[in-house]
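Secondary and tertiary structure notes
Listed here are the chains, written in short residue letters.
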Amino acid sequence: MKKFDIPVHYKSSFITQLKNSRKLEDPRKKDFSPTLLDFGPVRFYLARHFGFCYGVENAIEIAYKTIQENPGKRFFLLSEMIHNPGVNNDLLSMGVRFIMDTSGNQLVAWEEIKSDDIVIIPAFGTTLEIEKKLNRMGINPYRYNTTCPFVEKVWNRSADLGNQGFTVIIHGKHFHEETRATFSHAVQNSPSVIVRNLEETKFLSDVILGNKTEEEFYEFFKGKYSKDFDAFIHLKSIGVVNQTTMLASETQEIADLLKETMIKKYGVENISKHFADTRDTLCYATNDNQDATYGMLEVEADFAIVVGGYNSSNTTNIVKICEEEIKTYFIDSADRIISEKEINHFDIHKQSVAISSNYLPSKYPVEIMITSGASCPDAVVEAVIRRIISFFENSKDVDTVVNDVLEAI
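Below or above, wherever it landed, is the structure these notes cover. Predicted, not measured: the structure shown is a model, and the values here were computed from it. (Residues numbered from 1 in each chain as written. Predicted model: local features only at pLDDT ≥ 70, side-chain atom pairs only at ≥ 80, totals over all residues. Heavy atoms only, no water.)

**Observations regarding the sheet that holds strand E10 (residues 303-307)**
- Ordered in space as E1-E2-E14-E10-E11, the five strands form an open sheet in which the pairing is mixed. Every interior strand has two partners, whereas the edge strands, strand E1 (35-38) and strand E11 (328-331), have only one. Geometrically, the sheet is characterised by an average inter-axis angle of 25 degrees between neighbouring strands, direction not taken into account.
- Here five bridges tie E10 to strand E14 (residues 366-372), and the two strands are oriented parallel to one another. When the sheet's bridge partners are listed, Val306 is paired in E14 with Thr371. (Pairing = 2+ DSSP bridges. Helix = DSSP H or I, 4+ residues; strand = E, 2+ residues; numbered from the N terminus. Axes fitted to C-alpha atoms, helices over the stretch in contact; angles between N-to-C directions.)

Next up, the structure:
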């Protein structure tokens with residue numbers, strides 16, 4: 001795996017050592033059990049996989065290198081580099097401006113951007129329409145392109161499906177920049193529909209089986225299907241791809257439901273003509289992080305902390321997994337831990353910030369699970385751990401605990 005040059009302030013003094021040791025011990029990733037950091041009065045169960053993925057580190061390296069090598073230039077990002085407030089604020093402080101927000105709303109007018117400005121494509125990629133627009137403006141859309149290769153993998157898989165005569169069903173959020181980019185690429189080769197979840201897929205299944213009309217399809221999926229889509233013709237042969245940030249188990253449920261639907265409609269003997277077995281197009285890092293979260297939940301603990309950007313789908317899915325099993329606090333930085341009595345955290349259901357009191361139980365030891373999303377720097381996770389340790393007297397020294405763990409691995 002390629003090594004990336006990312007700013008030192010995103011790195012942790014000890015987490016990299018722990019990750020490398022676990023990788024050496026288990027190179028084939030068969031062990032998803034967490035790493036125990038025992039500080040005496042407080043113990044942390046650190047997920048096997050978490051934090052920056054390949055695509056994020058690649059994007060950060062390209063962006064920072066571009067800024068350093070082009071002094072005096074104006075820099076623009078099409079939208080957020082990644083869904084992490086610390087990284088994006090860091091770029092803003094360096095003079096980078098975002099052209100759009102994550103939903104595609106314009107923040108900087110296209111007319112304000114000149115041909116000698118530098119425009120960076122973020123890790124989630126962009127649409128072909130925007131690429132053409134930049135090209136017409138005299139800006140090479142491929143020169144500073146940080147699109148994750150696993151995002152492009154989904155585009156390529158969609159193209160393959162289209163070339164084989166299948167309609168592409170995209171599991172994603174239609175307003176998300178990654179999904180907009182995937183949709184833009186997919187429709188070049190195939191009719192395409194975006195489904196958000198299992199509920200929307202059930203509606204699509206009813207359309208296929210004739211339980212819902214074509215008119216109901218067009219109304220329900222308004223803004224989520226390709227131009228000239230014919231629900232009668234284009235839902236006879238389908239294949240599913242998913243966005244890199246989605247929940248793997250949900251994608252599998254969606255694919256299973258649609259496969260069962262096509263068997264009901266056309267018979268099991270004809271299934272290969274009507275349903276493409278795409279397997280999972282979720283990126284390896286998202287898979288690893290989700291599997292590691294399930295592995296972490298195998299241990300007993302008092303609560304879990306998930307660290308990451310509040311608008312990160314990748315991180316939100318990890319929160320959902322944890323919430324099914326244990327009390328979970330979703331925070332974006334150590335600053336959210338107000339004191340040993342109060343924690344400021346994000347409620348994904350109400351989409352608002354809440355404050356909880358007495359989150360640290362009065363017991364010995366306090367046991368905490370901790371993980372983070374693929375866009376969260378390890379330095380932030382370390383800061384959270386150190387912040388909580390500071391509330392406990394007679395805690396073991398961090399370096400001593402880490403050295404003991406490294407020797408035991």
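So that's the structure; there's more coming.
**Notes on the sheet that holds strand E7 (residues 192-195)**
- In space, the four strands of this open sheet follow the order E7-E6-E8-E9, with parallel pairing throughout. Across the chains shown, the open sheet's two edge strands, defined by having one partner strand only, are E7 and strand E9 (275-276).
- Of the pairings in the sheet, the one linking strand E6 (residues 167-171) to strand E8 (residues 238-242) comprises five bridges and is parallel in character. By the bridge assignment, Ile170 is partnered in E8 with Val241.

**Things to note about the pairing of E14**
- For E14, the buried fraction is high: seven of the seven residues fall into the buried class.
- Residue alternation in E14 divides its side chains into two sets, Val366, Ile368, Ile370 and Ser372 and Glu367, Met369 and Thr371, and both sets are buried.
- Both strand E2 (residues 42-46) and E14 contribute to a ladder of five bridges, which runs parallel. Across the sheet, the residue bridging to Phe44 is Ile368, located in E14. (Buried < 20%, exposed > 50% of the residue type's maximum accessible area, 1.4 Å probe, protein only.)

**Topic: the packing of helix H1 (residues 15-25) against helix H14 (residues 398-408)**
- Two numbers describe how H1 lies on H14: the axes approach to 10 Å, and their chain directions differ by 10 degrees. In terms of orientation, H1 lies roughly parallel with respect to H14. Counting all contacts with H1, which are made through Gln17, Leu18 and Ser21, the residues of H14 involved are Val402, Val405 and Leu406.
- Looking at the contact of H1 with H14 residue by residue, the class counts come to four nonpolar, two polar and no charged. (Parallel < 35°, antiparallel > 145°, perpendicular 65-115°, else oblique. Contact = heavy atoms within 4.5 Å. Nonpolar A, V, L, I, M, F, W, Y, C, P; charged D, E, K, R; others polar.)

**As for unusual backbone geometry**
- A cis geometry characterises the amide bond from Tyr364 onward to Pro365, with omega recorded as -10 degrees.
- For Pro365, the location among the structural elements is in the loop between strand E13 (352-357) and E14.
- With a phi angle near 55 degrees, Asn358 is a residue other than glycine that sits in the positive phi range.
- Structurally, Asn358 can be placed in the loop between E13 and E14.

**As for the nonpolar core**
- Among the nonpolar cores identified, the biggest contains 53 residues, and Leu37, Phe44 and Ile385 are the most heavily contacted of them.
- When residues of this core are assigned to their parent elements, the largest contribution, six residues, is made by helix H13 (residues 378-389). (Core = buried A, V, L, I, M, F, W, Y, C linked by side-chain atoms within 4.5 Å.)

**Some points on the pattern of salt bridges**
- Tallying each qualifying case throughout the model produces 13 salt bridges.
- Here Lys29 makes a salt bridge to Asp288, at a shortest N to O gap of 2.7 Å. Pair noted here: Lys29 is in the loop between H1 and E1 and Asp288 is in helix H11 (residues 284-296), with a separation of 259 residues, a long-range link.
- Between Arg97 and Glu112 there is a salt bridge; the shortest N-O distance is 2.6 Å. Of this pair, Arg97 sits in strand E4 (residues 97-98) while Glu112 sits in the loop between E4 and strand E5 (118-120), placing them 15 residues apart in sequence.
- One network of salt bridges, in which partners are shared, links Arg22, Glu25 and Asp31. (Salt bridge = Lys/Arg side-chain N within 4 Å of Asp/Glu carboxyl O.)

**Observations concerning the packing of aromatic side chains**
- In the structure shown here, the tally under the stated rule is 20 aromatic pairs.
- With 6.1 Å between their ring centres and 75 degrees between their planes, Phe203 and Phe221 make a pair best called edge-to-face. Pair noted here: Phe203 is in helix H7 (residues 198-209) and Phe221 is in the loop between helix H8 (214-220) and E8, with a separation of 18 residues, a long-range link. Take Phe203 and Phe221: they sit in the same class, and that class is buried.
- Seen from their ring centres, Tyr310 and Phe330 are 5.1 Å apart, and the 75 degrees between their planes marks the pair as edge-to-face. In this pair, Tyr310 sits in the loop between E10 and helix H12 (313-323) while Phe330 sits in strand E11, placing the two residues 20 residues apart along the sequence. (Phe/Tyr/Trp six-rings, centres within 6.5 Å; stacked < 30°, edge-to-face > 60°.)

**A few points about the side chain of Thr179**
- Mapped onto the elements of the fold, Thr179 is located in helix H6 (residues 177-186).
- Judged by its relative accessible area of 1%, Thr179 is buried.
- Excluding anything up to four places from it in sequence, Thr179 contacts Ile170, Gly172, Lys173, His174, Ile194 and Gln243.

**Considerations on the packing of H11 against H12**
- Running from N to C, H11 and H12 point in directions that differ by 20 degrees, and their axes come no closer than 10 Å. The angle between the axes of H11 and H12 places the two elements in the roughly parallel class. Between H11 and H12 the crossing geometry is right-handed. Contact with H11, carried on its side by Thr286, Asn289, Gln290, Thr293, Tyr294 and Met296, involves Asn314, Asn317, Ile318, Ile321 and Cys322 of H12 and no other residues of that element. (Left-handed = near helix turned anticlockwise from the far one by under 90°.)

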